[in-house]
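Architecture and fold: a report
Given next are the chains, with one letter for each unit.
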Amino acid sequence: MEEKQNGEAEKAAAAKAIEPGLQKRETGGKSQKGRNKKYVIISLFLVLFILLALVGYAYYRGVVYYRTHFLPNTSINDIDCSDRETAPVVDLLDARIGSYSLSVSGRDYKTGESGAVLGVIVPDDIGLHFADTDVVVGDFLRQQNEMMWFQAYLGDSFSYSLNQDVVFEEEMLQSTVESWDACRKKNMQVAKDAYISEYSDEIGGYEVIPETLGTQLDVEEVIQLISETVSRQDGSLDLEEAGCYKEASVRSDDKKLNDIVDTVNRWLGTEIDYDWNGTEVVLDHEILKDWVTIEDGKPVLDEEAVAAFVKEQASAYDTYGKKKQFMTTHGVEVTLNSRNYGWKTDTAGETEELTQLIYRGTKTEREPLYSITARQKGENDVGSSYVEADLSNQHLYLYQDGEIVVETDFVSGTMVSSYDCVTPEGIFGLTYKTMNAVLKGATYRTPVKYWMPFYGNYGMHDANWRGAFGGEIFKTNGSHGCINLPPSMAGQIYQYVSEGFPVVCYYSQGIPYVGPPAVPTEGIPEGGIPDESIPVEAPAETPVDTPVEAPAEAPVDTPVEAPAEAPVDTPVETPEEVSAGLSVG
């Protein structure tokens, strides 16, 4: 026990003996650590100062450098100017003028075709260069903030646009342009106005010929325009688009020209397909081209030619008043005048109608206007229904559709009196028909039941005072010129005939006239009398018996015949609807 306590006491004494040394050593260690920390701080400050000094120097050097150089990421007109001084930048910018050229186009001076290259201008041709590039580039350099140069390294970019003015020698430009073939006066073609062509068979009309695109230039104006284009540094110039050419004053779209052409072509487009008395007559541009012209800038239709055309067709195809061949019942062909029968064109009316059709450019089929018509078209216009009076044989045939439906003997005009009592031969058209008329002359008044005039006062009628018909009665005891018919036959004939019905009279054996000498009516001259009515001629020495034509609407003038056996003073009752008049019977 005591030993344990003595041991603990010894340990305590030993610890106390060691404690002062330990304390001394701990105090010395703390002092050393303090000194080391101070050295570190000083070193850090020193390094930081050096770094700051280096950064400041570098920044300063950058500021100094970028006072004379462009910042990184700087461009002028898309040219990279980074870290370059003004001189090389100016050189780069000015060097671009060397690649400049101006292409001048227009109309080929030989062919007039558009888009031809007339000439190309390059800088050496006119002494072209940029003006004051160094001044402007210097201004750009001064505008940049060199104090912020480091921002360019951080990604900032700077872009400048330079509108570089150019200068060149005007005299060199003028000399260059005047040397081009297109700018030489001898090569220039003067523009021609649009105009109306002559008549073209190919198109059947007229057309507007377009204006000629001339190549005539005002060279001074061209030089001025090129000068302005070079100043703008444009690379192309089209003189046609710029309106440099002297153009025609009248163009193909000119309203007046086109109105004229439209008018004459409308007239020329007229197509009339005529049925001219059974004959086809075509009027189209082949004929119209000689009638339609352009005079003093106006469309003209020759209306006199229109009238002449109508008259020409009428002369060719009208049958009125012309001689015709007629085949008699006995198979003998005779030539007769158609004194008042046939087709007769109304030339005045048709001329006016045709003129208006042409002005309207009408396409149609038509017949001309007729003043008189026959029963059948064509040269043989008598047709198959007609009255045939054989004056030599004193026999009448009435045909209906080619068949004889009535035939009878008759008594015609006497051959021993004056010549106007001779029944005329020819082809006639019934003027009209009426019943219960009175035939009156200077010495007679005779009523008839059926009156059918066919030529003036010559006509067919019943003659109830006659006891015989036919044979040679007419030679010495004939009528005053009319065809006397048995009453029953006259009634039958009256039922078949109508206005315009053909009546053919002929002497198959010649006219046996033995009366007083007289100049007989010669009839209608060859070609007919298309414009006048055919008069009934009577000898001058027998005015009393001169036939007088009675109009259809005035039965009062109906010719009247007095029978040879009737006394001159025999009273005759006149129907109420018929008045007195001079007639043959």
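**Thoughts on the overall build of the chain**
Summing up its helical and strand segments, the chain has 13 helices and 28 strands in all. Within the chain, buried positions represent 43% of all 585 residues. Of the contacts made within the chain by residues no fewer than 6 positions apart, 70% connect residues no fewer than 24 positions apart.

**Concerning the pattern of salt bridges**
Applying the stated criterion across every chain, the model contains 15 salt bridges. In this structure, Arg251 engages Glu211 in a salt bridge whose closest nitrogen and oxygen atoms are separated by 3.6 Å. Of this pair, Arg251 sits in the loop between strand E10 (236–238) and helix H8 (255–268) while Glu211 sits in the loop between strand E9 (208–209) and helix H7 (219–232), and the two are 40 residues apart along the sequence. Residue classification places Arg251 among the partly exposed positions, given a relative accessible area of 33%. With a shortest N-O distance of 2.8 Å, Arg366 and Glu350 are connected by a salt bridge. Taken together, the positions of Arg366 in strand E18 (residues 363–366) and Glu350 in helix H11 (residues 347–360) put the pair 16 residues apart, joining distant regions of the chain. Judged by its relative accessible area of 17%, Arg366 falls in the buried class. Among the residues examined, Glu350 registers a relative accessible area of 0% and is labelled buried.

**Here's the deal with the sheet that holds strand E3 (residues 102–106)**
Taken together, the three strands give an open sheet; going across it, the order is E4-E3-E10, and neighbouring strands pair in mixed fashion. At either margin of the open sheet sits one strand with a lone partner, and together these are strand E4 (116–121) and E10. Along the sheet, successive strands turn relative to each other by an average axial angle of 20 degrees, direction set aside. Here E3 runs beside E10; their pairing, made up of three bridges, is parallel. For Ser105, the partnering residue across the bridge sits in E10 and is Asp238.

**Let's talk about a negative patch on the surface**
On the surface, a cluster of negative charge is made up of Glu295, Asp296, Asp302, Glu303, Glu304, Glu352 and Glu353. For the negative patch, the secondary structure elements donating two or more residues are helix H10 (303–317) and H11.

**Comments concerning the side chain of Ser338**
Within the secondary structure layout, Ser338 lies in the loop between strand E16 (333–337) and strand E17 (344–345). Judged by relative accessible area, Ser338 falls into the buried class, the value being 0%. Among the polar contacts made by the side chain of Ser338, one reaches the main-chain carbonyl oxygen of Tyr341 at a distance of 3.4 Å.

**Re a nonpolar patch on the surface**
A cluster of nonpolar side chains, Leu46, Val47, Phe49, Ile50, Leu51 and Leu54, forms an exposed patch at the surface whose accessible area comes to about 600 Å². Tracing the backbone shows Val47 in helix H1 (residues 2–65). Judged by its relative accessible area of 46%, Val47 is partly exposed.

**Focus on the pairing of strand E13 (residues 292–295)**
As paired elements, E13 and strand E14 (residues 298–301) share four bridges and run antiparallel to each other. Bridge assignment links Thr293 to a residue of E14, and that residue is Val300. Between E13 and the antiparallel strand that follows it, E14, lie two residues; Asp296 among them carries a positive phi value of about 55 degrees.

**Here's the deal with the sheet that holds strand E27 (residues 483–485)**
Here four strands make up an open sheet; going across it, the order is E24-E25-E26-E27 and the pairing mixed. Edge positions in the sheet fall to strand E24 (434–440) and E27, since each of these pairs with one other strand and no more. In this sheet, adjacent strand axes meet at a mean angle of 45 degrees when their direction is disregarded. Across four bridges, the pairing between strand E25 (residues 445–455) and strand E26 (residues 458–462) is antiparallel. Across the sheet, the residue bridging to Pro453 is Gly459, located in E26. Against the sheet, helix H13 (residues 487–496) touches E24, E25, E26 and E27, its axis set at about 40 degrees to E25.

**Focus on the state of the cysteines**
In the structure shown here, the tally under the stated rule is zero disulfides. Distance from the sulfur of Cys244, which forms no disulfide, to the nearest cysteine sulfur (Cys183) is 9.5 Å. Taking the relative accessible area as the measure of exposure, Cys244 reaches 3% and is therefore buried. Here Cys482 stays unpaired: no disulfide links it, and the sulfur of Cys421, its closest cysteine neighbor, is 9.8 Å away.

**Some points on the packing of H10 against H11**
Axis separation between H10 and H11 bottoms out at 9 Å; the angle between their running directions is 130 degrees. Relative to H11, the element H10 lies oblique. Crossing geometry of H10 relative to H11 is assigned as right-handed. On H11, the residues touching Glu303, Val306, Ala307, Phe309, Val310, Lys311 and Ala314 of H10 are Thr347, Glu350, Thr351, Leu354, Thr355, Ile358 and Tyr359. By residue class, the composition of the contact of H10 with H11 is eight nonpolar, three polar and three charged.

**With respect to the pairing of strand E22 (residues 403–409)**
Strand direction decides the pairing type here: strand E21 (residues 395–400) and E22, joined by six bridges, are antiparallel. The residue bridging Leu398 from the neighbouring strand is Val406, located in E22. Joining the antiparallel neighbours E21 and E22 is a turn of two residues, in which Asp401 adopts a positive phi near 55 degrees.

**Quick notes on the environment of Asp80**
Considering the arrangement of structural elements, one finds Asp80 in strand E2 (residues 79–80). For the pair formed by Asp80 and Leu92, sequence separation is twelve residues and the distance between their alpha carbons is 9.3 Å. Those residues in contact with Asp80, other than ones at most four positions away along the chain, are Thr74, Ser75 and Leu92. Here Ser82 takes part through its side chain, which lies 2.7 Å from a polar atom of the side chain of Asp80.

Conventions used here
Residues numbered from 1 in each chain as written. Predicted model: local features only at pLDDT ≥ 70, side-chain atom pairs only at ≥ 80, totals over all residues. Heavy atoms only, no water. Helix = DSSP H or I, 4+ residues; strand = E, 2+ residues; numbered from the N terminus. Buried < 20%, exposed > 50% of the residue type's maximum accessible area, 1.4 Å probe, protein only. Contact = heavy atoms within 4.5 Å. Salt bridge = Lys/Arg side-chain N within 4 Å of Asp/Glu carboxyl O. Pairing = 2+ DSSP bridges. Axes fitted to C-alpha atoms, helices over the stretch in contact; angles between N-to-C directions. Patch = residues over 30% accessible without salt bridge, like charges linked within 9 Å, V, L, I, M, F, W, Y side chains within 5 Å. Areas by Shrake-Rupley, 256 points an atom, 1.4 Å probe, with all protein chains shown as cover. Lys, Arg positive; Asp, Glu negative; His and termini not counted. Charge placed at Lys NZ, Arg CZ, Asp CG, Glu CD. Polar contact = N/O pair within 3.5 Å; in protein donor to acceptor, adjacent residues only side chain to side chain. Disulfide = S-S within 2.5 Å. Parallel < 35°, antiparallel > 145°, perpendicular 65-115°, else oblique. Left-handed = near helix turned anticlockwise from the far one by under 90°. Nonpolar A, V, L, I, M, F, W, Y, C, P; charged D, E, K, R; others polar.

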